[in-house]
Amino acid sequence: MGYDPANPMADRITDIGPPHYSKFHPPVVAKNKGKWLWHEITQPGVLVHKAESGDECWTVRVGAARLISTELIYEMCDIADAHCDGFLRFTTRNNVEFMVDDKAKVQPLLDDLASRGNKFPVGGTGAGVTNIVHTQGWVHCHTPATDASGVVKAVMDELFDYFTSMKLPAQVRIALACCLNMCGAVHASDIAILGVHRKPPMIDHSRITGVCELPLAISACPLGAVKPAKATVDGKEIKTVKVNNERCMFCGNCYTMCPAMPLADPDGDGIAILVGGKVSNARSAPKFSKLVIPFLPNTPPRWPETVAAVKNILETYAGDAKKYERIGEWAERIGWEKFFEKCNIPFTIKSVDDYRLAYDTWRTTTQFKYTNAIK
Amino acid sequence: MAKHDTPLLDELEKGPWPSFVTDIKRQAEKNPDCWDILGQVELSYKDKITHWKHGGIVGVFGYGGGIVGRYSDVPAQFPGVEHFHTVRVNQPASKYYSTENLRALMALWDKHGSGMTNMHGSTGDIILLGCRTEALEPFFYDLTHEMGQDLGGSGSNLRTPANCLGQSRCEWACYDTEEACHHLTMHYQDEIHRPAFPYKFKFKFSGCANDCVAALARSDFAVIGTWRDNIRIDQAAVKEYIAGNIASNGGAHSGKDWGAFDIQKEVINLCPTECMWMEGDELKIDDSECTRCMHCINVMPRALRPGAEQGASICMGAKAPILDGAQFATLIIPFIKVSADNEFENVIEIIENVWDWWMEVGKNRERVGETMQRVGLPTFIKVMGLDPIPQHVKEPRSNPYVFWDEEEVEGGFERDVDEFRARHAA
């Protein structure tokens with residue numbers, strides 16, 4: 001018996017939640033949970049965790065596109081069945097981890113992965129670039145200002161060497177969100193790639209009455225740019241809204257609330273780059289990413305401007321920062337004015353905050369560094 | 001046989017990083033609907049704009065969350081993606097899987113859906129990408145009956161909680177993040193599946209201040225492991241690090257020659273509180289000055305361990321920028337025991353205190369961090385029934401605009417202006 005559309009509530013099961021995690025722990029993990037002593041990265045992408053019992057858990061981390069097929073997942077299962085007692089896990093950055101309980105099992109696993117073309121690149125550990133966390137983009141979202149999987153593929157192709165090695169001053173976390181909703185939470189990443197709109201919403205007067213609650217659309221605007229208005233549709237006066245374009249910051253929240261206010265546009269949309277965020281509390285407090293490039297155009301299929309901008313920032317940092325320094329810590333040590341100079345990024349008025357609490361970011365000291373910005 | 005020409009997407013089959021385009025093409029050999037995913041994305045690459053319609057309310061009976069509706073705006077060209085709803089399946093804590101479970105789940109998805117997935121969504125769920133409306137109920141029936149698995153959250157509800165892998169494979173976790181996440185997920189099934197909040201609400205559980213699940217940046221309710229006694233030091237291992245016999249930072253810097261390990265430069269001088277020093281060849285720590293940032297432990301994992309009296313800090317109110325700008329979570333409870341022994345009763349009590357208040361005063365689409373901003377931290381601290389302590393702020397206020405209550409001021413606020421004028425001419 002399966003689902004019976006004639007009797008949809010029959011045998012209904014709800015609210016059972018996820019399976020208990022303990023059913024999926026590899027045996028060495030189940031045995032030593034809570035009793036791990038230390039870990040080491042023995043080569044890029046390979047970790048060993050040592051337990052009080054003397055047991056070792058060897059982990060091989062591989063990168064993956066976040067958008068993956070069941071076919072690829074079956075292949076991952078084949079690998080886990082052949083080498084890992086039938087267990088695997090995914091990381092918070094969309095890598096896959098294969099675990100074995102003996103050092104001798106590592107090389108056969110690595111050889112197997114390598115034999116499968118470029119499907120399972122090993123890396124993403126330590127002082128390198130790990131997988132880019134990202135959102136849906138044009139593959140599945142209704143509000144994106146850019147694609148996600150494609151931009152990430154283009155950037156990771158270029159940064160591949162930093163995924164498979166650990167030669168940076170510290171880990172570099174890159175994230176991409178295809179609009180300001182930031183499902184990908186790029187607001188605290190070392191390098192953030194952010195899809196942005198630059199045109200105010202259009203108003204589809206012929207549809208707005210049917211698909212929107214006008215008070216919600218009006219209150220959705222954080223800057224009060226959306227106001228009640230009247231328009232004539234098919235000779236009849238209807239209630240609608242108008243937008244004060246000067247106040248619009250293109251956040252798209254009105255569109256989220258009201259499908260009759262689309263703002264996406266082939267020329268208006270593109271990518272902003274933010275830099276210097278981090279989540280970890282190590283040494284310095286968590287930091288937000290800061291906007292350093294306000295706009296780069298959408299240039300599918302390989303987004304060369306975005307790829308070049310990310311690589312330039314990464315490599316300038318790699319050549320200048322001290323061991324352990326995250327990008328934001330480096331930028332704060334040298335000063336953001338030096339960051340722009342060293343990265344050869346033109347500073348524009350768009351990087352001067354004029355939103356709420358902006359004053360906190362204005363310079364209120366005579367301490368500054370002379371850079372080429374001072375003529 | 002390719003159903004659509006995809007010259008732009010084909011460019012993304014080049015290069016060393018795994019290609020989602022190659023992968024979708026492989027899937028399309030089994031499920032020809034996947035050609036239409038490629039076809040529509042190719043059109044987006046040409047038009048430089050999305051071809052998905054706004055929203056679409058779909059779901060399974062009795063649930064208000066777990067399915068996100070999505071329809072193509074060019075269905076005649078790409079009928080395979082005419083309906084392309086997202087199914088959010090609640091992931092097991094830490095995202096470990098048996099291949100048996102994963103194969104069965106994927107077989108179910110091949111049966112009912114497109115065969116494309118996101119492993120995983122940013123909040124943590126297993127995202128199954130692309131399902132026709134009529135397949136949603138049959139999928140849900142099979143998911144619950146055959147797999148014993150359930151949907152996650154979407155909409156204005158408790159979103160699927162997530163955790164770092166914690167004690168399962170990490171020596172630093174200060175409480176059992178997996179058990180906390182699983183227990184609270186089970187405890188709050190109703191809140192996950194039936195939206196009743198002003199907006200989304202996220203729990204995240206990190207085992208230590210390195211915060212691998214980004215709780216401090218991304219969750220309304222962040223439980224971040226910490227300790228309150230002394231860092232445990234193995235002086236013999238300290239000597240091994242100094243002698244260069246153990247790689248610093250767990251070997252994370254092995255790709256470049258940074259020179260010999262220098263404990264003064266790499267550990268002591270980078271300590272944000274300057275609470276460490278060497279006495280001879282022994283490392284000393286003044287733990288009363290330590291803020292438990294994790295740097296020294298990260299650099300010398302074999303020599304230093306978190307203290308033994310472990311628990312968590314609870315921080316609240318993080319969110320991405322929409323609407324009022326990004327916020328990190330604010331430290332509300334500096335230290336609390338987090339234990340399955342009492343079924344996380346003390347954590348649950350705090351959660352429900354926040355919810356009771358936020359559900360009453362929160363505006364439509366206002367994250368709790370925004371409500372906290374709107375009413376102010378002093379009001380929030382009172383709501384939580386807490387005493388204000390210096391740990392709640394980075395620094396005290398620098399403006400003098402203090403709100404005094406009438407009862408706090410001698411004689412109250414009511415005064416007689418005639419009596420005032422009798423003594424002070426206008």
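From a predicted model like this one, the values you see are computed outputs, not experimental measurements. (Residues numbered from 1 in each chain as written. Chains lettered and ligands numbered in written order. Predicted model: local features only at pLDDT ≥ 70, side-chain atom pairs only at ≥ 80, totals over all residues. Heavy atoms only, no water.)

(A) The overall build of chain A, seen in detail. In terms of regular secondary structure, chain A is built from eleven helices and 13 strands. By principal-axis analysis of the C-alpha atoms, chain A measures approximately 75 × 75 × 35 Å. Across the 375 residues that make up chain A, the buried fraction comes to 59%. Taking contacts inside chain A between residues at least 6 apart in sequence as the whole, the part at least 24 apart equals 65%. Of the roughly 14,900 Å² of accessible surface on chain A, 53% is carried by carbon and sulfur atoms. For chain A, the centre of its 43 positive side-chain charges and the centre of its 41 negative side-chain charges are spaced 6 Å apart. (Helix = DSSP H or I, 4+ residues; strand = E, 2+ residues; numbered from the N terminus. Buried < 20%, exposed > 50% of the residue type's maximum accessible area, 1.4 Å probe, protein only. Contact = heavy atoms within 4.5 Å. Areas by Shrake-Rupley, 256 points an atom, 1.4 Å probe, with all protein chains shown as cover. Lys, Arg positive; Asp, Glu negative; His and termini not counted. Charge placed at Lys NZ, Arg CZ, Asp CG, Glu CD.)

(B) Local environment of the nonpolar core. Core analysis: the biggest nonpolar cluster contains 118 residues, and Met76, Phe98, Ile273 and Phe339 of chain A together with Val87 of chain B have the highest contact counts within it. Setting aside chain neighbours within four positions, we find Phe98 of chain A in contact with Trp58, Thr59, Val60, Val62, Met76, Ile79, Ala80, Cys84, Leu88, Leu109 and Leu113 of chain A. Core analysis: the next-biggest nonpolar cluster, separate from the first, contains 34 residues, Ile192, Tyr199, Ile348 and Met372 of chain B among them. (Core = buried A, V, L, I, M, F, W, Y, C linked by side-chain atoms within 4.5 Å.)

(C) Up close: the domain arrangement of chain B. Once the domains are mapped, chain B shows domain 1 (7-146), domain 2 (162-228 + 311-392) and domain 3 (232-305). The centre of domain 1 of chain B, based on its C-alpha atoms, is set 46 Å off from the matching centre of domain 3 of chain B. (Domains from an automatic or database assignment.)

(D) Spotlight on the state of the cysteines. Residues and elements named next belong to chain A. Tallied over the entire structure, the rule returns one disulfide over all chains. Of all cysteine sulfurs, the one in Cys251 lies closest to Cys254, which takes part in no disulfide; the gap is 6.3 Å. On the accessibility criterion, Cys254 (9% relative accessible area) is buried. (Disulfide = S-S within 2.5 Å.)

(E) Layout of the packing of aromatic side chains. All names here are of chain B. This structure, assessed with the given rule, holds 32 aromatic pairs over all chains. On the basis of an interplanar angle of 80 degrees and a centroid distance of 5.6 Å, the ring pair of Phe201 and Trp355 is categorised as edge-to-face. Highlighted residues: Phe201 in the loop between helix H7 (189-193) and strand S7 (203-206) and Trp355 in helix H12 (residues 345-361), separated in sequence by 154 residues. Comparing Phe201 with Trp355, the two get one shared label, buried. Summarising the aromatic geometry, the rings of Tyr241 and Phe261 are spaced 6.1 Å apart at their centres and angled 55 degrees between planes, so their arrangement reads as tilted. Here Tyr241, found in helix H9 (residues 235-242), pairs with Phe261, found in the loop between H9 and helix H10 (263-268); they are 20 residues apart in sequence, far enough to count as distant. There is no split in this pair, since Tyr241 and Phe261 are both buried. (Phe/Tyr/Trp six-rings, centres within 6.5 Å; stacked < 30°, edge-to-face > 60°.)

(F) Region of interest: the sheet that holds strand S8 (residues 221-227) of chain B. All names here are of chain B. Sheet architecture is open: five strands sit in the order S6-S7-S8-S13-S14, paired in mixed fashion. With one partner strand each, in any of the chains shown, strand S6 (162-163) and strand S14 (330-336) form the two edges of the open sheet. Packed on one face of the sheet, helix H6 (residues 177-187) meets S6 and S7 and runs near 165 degrees to S7. (Pairing = 2+ DSSP bridges. Axes fitted to C-alpha atoms, helices over the stretch in contact; angles between N-to-C directions.)

(G) Quick look at the environment of Glu237 of chain A. Residue and element names in this part refer to chain A. Its place among the elements puts Glu237 in strand S11 (residues 236-243). According to the relative accessible area criterion, Glu237 is exposed, its value standing at 61%. Considering only alpha carbons, one finds Glu237 and Cys343, 106 residues apart in sequence, at a separation of 55 Å. Each residue touching Glu237, except ones within four places of it in the same chain, is listed here: Lys230, Ala231 and Thr232.

(H) Quick peek at the pairing of strand S11 (residues 282-285) of chain B. Residues and elements named next belong to chain B. Only one face of S11 is buried, namely the one carrying Leu283 and Ile285, since none of Glu282 and Lys284 on the opposite face is buried. Relative to S11, strand S10 (residues 276-279) is paired through four bridges, and the arrangement is antiparallel. When the sheet's bridge partners are listed, Glu279 is paired in S11 with Glu282. What sits between S10 and S11 in their antiparallel hairpin is a turn of two residues, with Gly280 showing a positive phi close to 65 degrees.

(I) Representation of the interface of chain B and chain A in the model. Each partner contributes residues to the interface: chain B has 129 residues there, and chain A has 130 residues. Counting each side, the surface lost to burial between chain B and chain A is near 11,500 Å², with a carbon and sulfur contribution of 59%. When the buried area of chain B at its contact with chain A is split by residue, Trp17, His54 and Arg169 of chain B rank highest and sum to 9% of it. Run the count over chain B and chain A and you get twelve salt bridges. (Buried area = accessible area lost by both parts, 1.4 Å probe. Salt bridge = Lys/Arg side-chain N within 4 Å of Asp/Glu carboxyl O.)

(J) Structural detail: the pattern of salt bridges. Using the criterion set out here, one finds 46 salt bridges over all chains in the structure. Glu97 of chain A is paired through a salt bridge with Arg169 of chain B; the nearest N and O atoms lie 2.8 Å apart. Of this pair, Glu97 of chain A sits in strand S6 (residues 96-100) while Arg169 of chain B sits in the loop between S6 and H6, placing the two residues on different chains. Note on accessibility: Glu97 of chain A and Arg169 of chain B belong to one class, buried. The network of salt bridges with common partners includes Glu75, Asp112, Arg116 and Lys119 of chain A together with Arg26 of chain B.

(K) Region of the structure containing the domain arrangement of chain A. Residues and elements named next belong to chain A. On domain assignment, one finds that chain A holds domain 1 (21-116), domain 2 (148-198 + 266-361) and domain 3 (201-263). Each partner contributes residues to the interface: domain 2 has seven residues there, and domain 3 has seven residues. Carbon and sulfur atoms supply 57% of the area that domain 2 and domain 3 bury against each other, a total of about 600 Å² over both sides. Sorting the residues of domain 2 by area buried against domain 3 places Leu180, His197 and Tyr355 first, and these three jointly supply 63% of that buried surface. Our count for the domain 2 to domain 3 interface comes out at zero salt bridges. Counted by class, the side of domain 2 that touches domain 3 contains two nonpolar, two polar and three charged residues. (Nonpolar A, V, L, I, M, F, W, Y, C, P; charged D, E, K, R; others polar.)

(L) Focus on a nonpolar patch on the surface. Residue and element names in this part refer to chain A. A contiguous nonpolar patch, built from Phe347, Ile349, Val352, Tyr359 and Trp362 and spanning about 580 Å² of accessible area, is present on the exposed surface. Counting through the fold element by element, Ile349 comes out in the segment after helix H11 (336-343). Among the residues examined, Ile349 registers a relative accessible area of 67% and is labelled exposed. (Patch = residues over 30% accessible without salt bridge, like charges linked within 9 Å, V, L, I, M, F, W, Y side chains within 5 Å.)

(M) Here's a closer look at a negative patch on the surface. Residues and elements named next belong to chain B. A cluster of acidic residues, Asp405, Glu406, Glu407, Glu408 and Glu414, forms a negative patch on the protein surface. Position of Asp405 among the secondary structure elements: in the loop between helix H14 (377-383) and helix H15 (417-423). We classify Asp405 as partly exposed; its relative accessible area is 37%.

(N) Representation of the sheet that holds strand S9 (residues 191-196) of chain A. All names here are of chain A. If you trace the five strands from one edge of the open sheet to the other, you get S7-S8-S9-S12-S13, paired in mixed fashion. The outermost strands of the open sheet, each flanked by one partner alone, are strand S7 (133-134) and strand S13 (290-297). Pairing analysis gives five bridges linking strand S12 (residues 270-275) to S13, with the strands arranged antiparallel. Residue pairing for S13: Ile273 is matched across the bridge by Ile293.

(O) Structural detail: helix H2 (residues 70-83) of chain A. Residue and element names in this part refer to chain A. If you check H2, its first and last C-alpha atoms are 20 Å apart, about what 14 residues at 1.5 Å a residue would give, namely 20 Å. In terms of residue burial, H2 counts as a mostly covered element, since eleven of its 14 residues are buried. Buried within H2 are the following residues: Thr70, Glu71, Leu72, Ile73, Tyr74, Glu75, Met76, Cys77, Ile79, Ala80 and His83. The positive-phi residue at the C-terminal boundary of H2 is Asp85, with phi of around 55 degrees. (Expected span 1.5 Å × (residues − 1).)

(P) Inspection of the environment of Leu88 of chain A at higher detail. For Leu88 of chain A, the location among the structural elements is in strand S5 (residues 87-90). Taking the C-alpha atoms as reference points, Leu88 of chain A and His25 of chain A, separated by 63 residues in sequence, lie 8.4 Å from one another.

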